[in-house]
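# Structural description and commentary
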Amino acid sequence: MDNRDLCFKLLQADTEQEVEELLSAVGLWSDKSKWRYLGDNENNFGSIGNQQSEAVAALTEKLINSVDARLMNECRLRGTDPESTSAPQSIREAVARFYEGVTGTLGDEAGRVARWPDSQTTEEANKITLSATGQKPSEGTGYPCISIADAGEGQTPDMFPETFLSLQKSNKLRVPFVQGKFNMGATGALQFCSPKHRLQLIISRRNPSFTNGSARDNEWGFTVVRREEAEQGTRSSVFTYLAPLDVTSARNGEVLSFSADTFPLFPKSDETGRSAYARSATHGSLVKLYEYNLSNKSNIVLSGGGLLQRIDFSLPDLALPIRLYECRPGFRGKPGSFATNVMGIAARLERDRMNNLEDGFPLGAVFRIHQCEVRVKVHALKETAKNYRSGKNAIAFTINGQTHATKDTHFFRKQSVGMGQLEDSLIVIIDCSDIEGQLREDMFLNSRDRFRDNQVTQGLVSKLESFLKGEPTLRQLKNRRREEEICKQLDEAKPLTEALSSLIQKTPELSRLFAGGPSIPSPFPRSGSQNGNAASNFRGKRFPTYFRFHKRGDDEHLERQAQIDSSVRIRFDTDAQDDYFHRDSERGVLEVDIFDEAEDHWKPLGDFSLVGPTSGNANLSFQLPFGAVIGDTLLIRVRVTDPSRIDSFDLEAILTVVPQSGSLPGETKKPPVNNAGNGKGTEAGNLAIPNIIPVHEVDWEKHGFDELSALKVIRQTDGESETQEFDFYANYDNKYLLTALKDPHRGGEALKAMFIYSQVLFSIALLNDEKTNKSSVSFDEIPDAETMVELVSRRLAPFIIPTLDAMGSISD
């Protein structure tokens, strides 16, 4: 068997047992001298094992490397040194120049795959492919093999140790238009490869246009990476790769190679069938991850929580499209259902926004963190929109289009956010690309899958919470959704809520828990749904002709008080489009400065948040500078500019620092009036009468229910009241309730009421514990009280009715 045959058989193998048998047959498996240390470091497990904690996040790094290889290939083909100043200075500029022929200033259309026609998208996606072969998890203990191929620059066999198989070298550190600069070689994926040996195959050939050396430089190189068990005297395993050529001392050989003009790297799927290795390449690279720990039981190209959605979310704004191929046997469908393009969730939402996003979305905001700009986009899906969300992922913090940290849907349930009603509809993308250097290192781990927990990241999260909680368009959507849901169920839900109110009224211990006495509050938000307002008629301009303080003239300054230790909020009027400050190109820039009297010049104020503009209004918020005291007068300048303007909009505000009450020093703040109960006020009364909404089997998917679910609770407190208000979604088709209702000797409605009342009242106890005792019961693995209610009610459901029956049979 020659080297080409060996390489092709390794490519076709789908288990680690097959790989071991192939290499044993040619005498290469057991001889450790022919296996070189990855990174030439016999203690490499520390670097490789301390990376991504999840299989798809690790897989994403492989895809990023392929995108980088394609961009590097196009740059070199044009005779440009990728590290030179004449090379593109951003990923988007590289895409615009190399794939669209655009130079100079980039418009909104340039360098964005979302704007490409389908034919161009598919043509380019076929040059970076991901295919699945092998087994489905449902077939036993096996997992699929994942092959990633690209028509990138490729590497010569002798370059393998310095590229694919290196660690912590600065291969792309000075290339401004690529993503992968940490040079971990995407080794995080190794820990998710085959169960025992963690096997990976690498095949590559350098683009012949870039080679001028020996004949071997034009050959295909290949190797296998594996994990070897810890030897005596060592504490951890070590990763090595097959390098049996020219071994002069232990573990210093070179990888295998063979000569061929082409090699089948790429998959195809058409009427004639599906194959993972059917299309030939003249150069490029392939990485095969054997038996990858990817629990994807379904076709990987289908949405609905599969690999397509998860890659979309991990790479929200992909520089180049990728094509997925499902090549495992056993799936049924038309040829088109086995291949699809991945562009990133941001691109997909932009293409589909008319049909799948609520009116007025995406919304935008800008945060200034340590003089770096962070841009936020909030997408609200229509209730009919499907297949955009992967599991509970909802918030992505990105750099250059790749997710570096996430938050799940529980974030929207937090009391500091209050958007639980929309948790299944919101997708938030926070672009942190402007953050560089030490600040980026302080915020994100090199594994690029999670935050560091420190003051900087806590500050960013806090700004996001405040923005989501206070954004008026989000609040209107939340209120409208709630109103529609309650109206739909009102006839069925009202009797149960009225009966619960009566029960509370007759029970003093329960009545004391509830603010406002045992009456039923209006289930609709005080602000209403606010549909059809004049803002919907607003038509903004790409470059505004005015930007001024709210209800003031163009040259009119602002004078107002600013309370000590509170955020300053300033509102503006403008005719700018809603995306003015957060669009991809030709966006506006806002600066906030404070006048330093001691040094007689303006200096940056510090961190701030800018929400909007939305329909002609923008809102700025910031903290008073450190050291400000009551009585100080501060001069603040807000400067707005964009590429269309010679002169900026310059606005000045004079702020007088006052006490928290806004009164003169020495005045005391009046205590709030508590109108709970009979108007005399109670200390305990801090809960509103719960609103109970029935959920039937037809709506289980919408609420994340199954036959064992009992309750789901959504906090409705809007921050304007001390009262805790909750909506309880009760599963009327719970398995245990339906079983009990089949008994003809039981009262159907009474039994249903007892089941629901008990669950709701037990849940109120949990929610009230969070309020009054600061969650004295510890549930470390549970992110919030609402989730605790779902879990506890699910576990109580089998025991509620039997317990009530048993208690009713007790006598003196």
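This text follows the structure it describes.
Residues numbered from 1 in each chain as written. Predicted model: local features only at pLDDT ≥ 70, side-chain atom pairs only at ≥ 80, totals over all residues. Heavy atoms only, no water.

## Some details on the overall build of the protein
Using the following cut-off: Helix and strand assignments follow DSSP, with helices taken as H or I runs no shorter than four residues and strands as E runs no shorter than two, numbered in order from the N terminus. Whether two residues touch is decided by their heavy atoms; if any such pair falls within 4.5 Å, the residues are in contact. In these tables, accessible area is a Shrake-Rupley quantity obtained with a 1.4 Å probe, and a residue counts as shielded only by the protein chains included in the view.
Of regular secondary structure, the protein possesses 17 helices and 29 strands. Look at the contacts in the protein between residues 6 or more apart in sequence, and 71% of them connect residues 24 or more apart. Total accessible area on the protein is roughly 36700 Å²; 47% of this is exposed by carbon and sulfur atoms.

## With respect to the pairing of strand S9 (residues 273–281)
Look at any regular strand and the pattern is simple: side chains alternate between the two faces of the sheet. Put simply, the test is: For two strands to be treated as a pair, DSSP must find no fewer than two bridges joining them.
Both strand S8 (residues 263–270) and S9 contribute to a ladder of 6 bridges, which runs antiparallel. Across the sheet, Lys268 pairs through a bridge with Ser275, a residue of S9. Where S8 folds back onto S9 in an antiparallel hairpin, the turn is made up of 2 residues.

## Digging into the nonpolar core
Burial of nonpolar side chains together is a common tendency in soluble globular proteins. Here is the rule we go by: For our purposes a nonpolar core is just a set of buried Ala, Val, Leu, Ile, Met, Phe, Trp, Tyr and Cys residues, chained together by side-chain atoms within 4.5 Å. Buried, partly exposed and exposed residues are distinguished by accessible area as a fraction of the type maximum, computed with a 1.4 Å probe on protein chains only: under 20%, between the cut-offs, and over 50%, respectively.
Residues Leu71, Leu130, Ile146, Phe177 and Tyr292 are the most contacted members of the largest nonpolar core, which totals 60 residues. Elements represented by at least two residues in this core include exactly helix H4 (55–77), helix H5 (91–100), strand S2 (128–134), strand S3 (144–150), strand S6 (238–242), strand S10 (284–289), helix H7 (307–314) and strand S11 (322–326). Looking at this core, the element that brings in the most residues is H4, giving 10 residues. Other than its neighbours up to four places away in sequence, Leu130 contacts Leu59, Leu63, Ile146, Ser147, Ile148, Ile300, Leu307, Ile311, Arg323, Leu324 and Tyr325. In terms of nonpolar packing, the next biggest core, distinct from the first, is built from 38 residues, Val374, Ile395, Phe397 and Phe467 among them.

## Focus on the sheet that holds strand S15 (residues 393–399)
What counts is decided by this rule: Between N-to-C directions, angles cover 0 to 180 degrees, with each direction set by a line fitted to C-alpha atoms, over the stretch in contact for helices.
As summarised here, the arrangement of the 9 strands in space is S16-S15-S17-S14-S13-S23-S24-S20-S18, forming an open sheet in which the pairing is mixed. The open sheet has two edge strands with one neighbour each: strand S16 (402–408) and strand S18 (547–549). Each neighbouring strand pair of the sheet contributes to a mean axis angle of 20 degrees, computed without reference to strand direction. In this structure, strand S20 (residues 567–574) lies alongside strand S24 (residues 617–623), joined through 7 bridges in antiparallel fashion. When the sheet's bridge partners are listed, Val568 is paired in S24 with Phe622. Each of strand S14 (372–380) and strand S17 (426–431) is contacted by helix H8 (residues 345–356), which is oriented at about 135 degrees to S17, the strand it contacts most.

## Considerations on the pairing of strand S22 (residues 601–604)
Bridge count between strand S21 (residues 589–596) and S22: 4 bridges; the pairing is antiparallel. Note on S22: the bridge partner recorded for Asp593 is Pro604.

## A short note on the packing of aromatic side chains
Cut-off, in case you're wondering: Classification of ring pairs rests on two measures: the distance between centres of Phe, Tyr or Trp rings, Trp counted by its six-membered ring, which must be within 6.5 Å, and the angle between planes, read as stacked under 30 degrees, edge-to-face over 60 and tilted in between. Either the NZ atom of lysine or the CZ atom of arginine qualifies as a charge over a ring when it sits within 6 Å of the ring centre and within 35 degrees of the ring normal.
This model, assessed by the stated rule, comprises 20 aromatic pairs. Between Phe411 and Phe412 the ring centres are 6.4 Å apart and the planes differ by 85 degrees, which places this aromatic pair in the edge-to-face class. Among the residues examined, Phe411 registers a relative accessible area of 5% and is labelled buried. In this structure Phe412 comes out as buried when scored by relative accessible area, which is 0%. Lying over the aromatic face of Phe338, Arg274 brings its terminal NZ or CZ to 3.9 Å of the ring centre. The ring of Tyr546 is capped by Arg548, whose NZ or CZ atom sits 3.9 Å from the centre of that ring.

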